[in-house]
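If you want the building blocks of each chain, they are given just below.
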Amino acid sequence: MNALVRTQSLIATPIINDSSINAFAVPGGVIGMNTGTILSAGGLDEVASVIAHEIAHLSQRHYEHNQENSKKLIALQIGGLLAALAASSVSGDVAAAAMIGSQTATAETAASHSREHEREADRMGQQILVQAGYDAAAMPRFFERLYKQVSLTTAKNAFVPSFIQSHPFTAERLSESMSRAKGYPVPSMVAREQQTRLFDKLTWRLRYLTKQSGLDELTIHAKRSDGARLALIMYLADNARTDEALRLFANASFDPSDPLVCLTHAHVLTKMNDHAQAVSVLSSCQAIYPERRDLRLHLADAYVSTGETAKALALLNPLTERTPHDRQAWQRVQHAYEKSRMDKSIATIHALHARSQVELWGGKYDGALQSNAQATKVAKAHYPNLLPMLEQSKVMMVQARDYKP
């Protein structure tokens, strides 16, 4: 959806482990969403409608009030925001986020919208939805769902969803979006069924990773839901019941090329210390979806576990080159070099350099400079050709440390 209206890639799309309904966008290309927004939605198209709305805000530059302010929203400031998001990350593939420190002002500014901007984001968001193959009526459906919740919570003097507060709604806006939706084509039944199946798998995975569903609930729903069955397999594997998990997986009729199926299968195999088989499962899936970052990260982990660090680095290096702020990729690069059998000095230099990047994008500037200095010391003694790379990194770290938003 982003590529339909913007030439710049999204920097990050954190999922925040918070049961309230909210979503936000930050200039530069960060779109965040609470887990409550996803789990309260009636389908994947409703979640997509919220994302499309935020993308529309970014594409129309609603947050940049003037050219000078836009210039200040440089990568270092986005890096600080990503550091805040990463600072409170939780296990699994769900990131918890906190707007802290100097980035709070940016977040508050990004959450403040005029009604004119909201109408424009609604209109463009629906166009984006349709172009991406979703139902334009999903946007008013989700808005209507929010209105009903607000009515209930207001009556009980309860907390009003943050999305309502930061994205002011009116009955007129809801009516306009419903009217526009009638002019768009409805997606085919096949497309809607595919979205339903994917939403089932994603929401049950999310419910498990955020500890909102336990064994009893997963067991009941696994009888009729592939998503719940995959989540139950995760639960069993994580609770030392890998034989049960593997039997349940083998007895199900999953699509072996489905990325979530591959990740779940590999998760069980990893818990069983069968890393070679985990490599086989993930590599076949990654060959089908080479663009998927999650498959790359998990496959890199599996390669390191089998001692094939060169293959792990071949997967990770394109990620760090394309998105230098990818802390998870840098953490795996560091681990790969630490486990590598290559020349000890060059492995040490690259491991320290990777660690400095992890610290840099985690907002630990002094630690980043210290790691870089240690790498520089080894490079001077053994590999002086690596000194320019380390000096360039040092300059960035000093700029980041001294930058005042």
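Residues numbered from 1 in each chain as written. Predicted model: local features only at pLDDT ≥ 70, side-chain atom pairs only at ≥ 80, totals over all residues. Heavy atoms only, no water.

**Q** Could you give an account of the overall build of the chain, with specific residues and numbers?
**A** When you go through the chain residue by residue, the secondary structure sums to 22 helices and three strands. Counting only residues that meet the buried cut, the chain has 48% of its 405 residues in that class. Long-range contacts, defined as pairs at least 24 residues apart, comprise 59% of the intrachain contacts of the chain with a sequence gap of at least 6. (Helix = DSSP H or I, 4+ residues; strand = E, 2+ residues; numbered from the N terminus. Buried < 20%, exposed > 50% of the residue type's maximum accessible area, 1.4 Å probe, protein only. Contact = heavy atoms within 4.5 Å.)

**Q** I'd love a proper account of the confidence of the model for the chain, names of residues and values included.
**A** Scored by pLDDT, the chain comes out at a mean of 85, with 81% of its residues at no less than 70. A low-confidence stretch, residues 65–74 (pLDDT under 50), is modelled with eleven contacts involving residues beyond four sequence positions or located in other chains. Segment residues 88–111 is flagged for pLDDT under 50; beyond a separation of four residues in sequence, or across chains, it makes 45 contacts in the model. (pLDDT = per-residue confidence, 0-100.)

**Q** Can you break down helix α10 (residues 171–181) residue by residue, with the values?
**A** Arg 173, Leu 174, Ser 177 and Ala 181 are the residues of α10 that are buried. Within α10, the buried residues cover an arc of 100° as seen down the axis, which keeps them to one side. (Arc of directions from axis to C-beta.)

**Q** Which residues make up the side chain of His 53, and what values do they have?
**A** By the secondary structure assignment, His 53 is in helix α3 (residues 44–59). Look at His 53 and you get buried, because its relative accessible area is 1%. In terms of polar contacts, His 53 uses its side chain to reach the side chain of His 57, at 3.1 Å. A polar atom in the side chain of His 53 sits 2.9 Å from the side chain of Glu 118. (Polar contact = N/O pair within 3.5 Å; in protein donor to acceptor, adjacent residues only side chain to side chain.)

**Q** Can you break down the environment of Ser 9 residue by residue, with the values?
**A** Take Ser 9: it is sitting in the loop between α1 (2–5) and β1 (15–16). C-alpha separation for the pair Ser 9 and Val 30, spaced 21 residues apart in sequence, amounts to 9.6 Å. Non-local contacts of Ser 9, meaning those with residues more than four positions away in its chain, are made with Asn 2 and Gly 28.

**Q** Pulling in residues and values, what's your account of the layout of surface pockets?
**A** Empty space left among the atoms is revealed by rolling a probe the size of a water molecule over them. Taken as a whole, the second largest pocket encloses approximately 410 Å³ of empty space. Thr 320, Glu 321, Trp 330, His 353 and Met 389 are the residues nearest the centre of the second largest pocket, which is lined by 14 residues in total. Examining the composition of the lining of the second largest pocket, we find that four residues originate from one element, helix α22 (residues 387–402), more than from any other. Tallied by class, residues from the lining of the second largest pocket come to six nonpolar, seven polar and one charged. (1 Å grid on protein atoms, 1.4 Å probe; cavity = no way out; pocket = protein on both sides within 12 Å on 5 of 7 lines; lining within 4 Å. Points joined across faces, edges and corners; volume = space filled by probe spheres on them. Nonpolar A, V, L, I, M, F, W, Y, C, P; charged D, E, K, R; others polar.)

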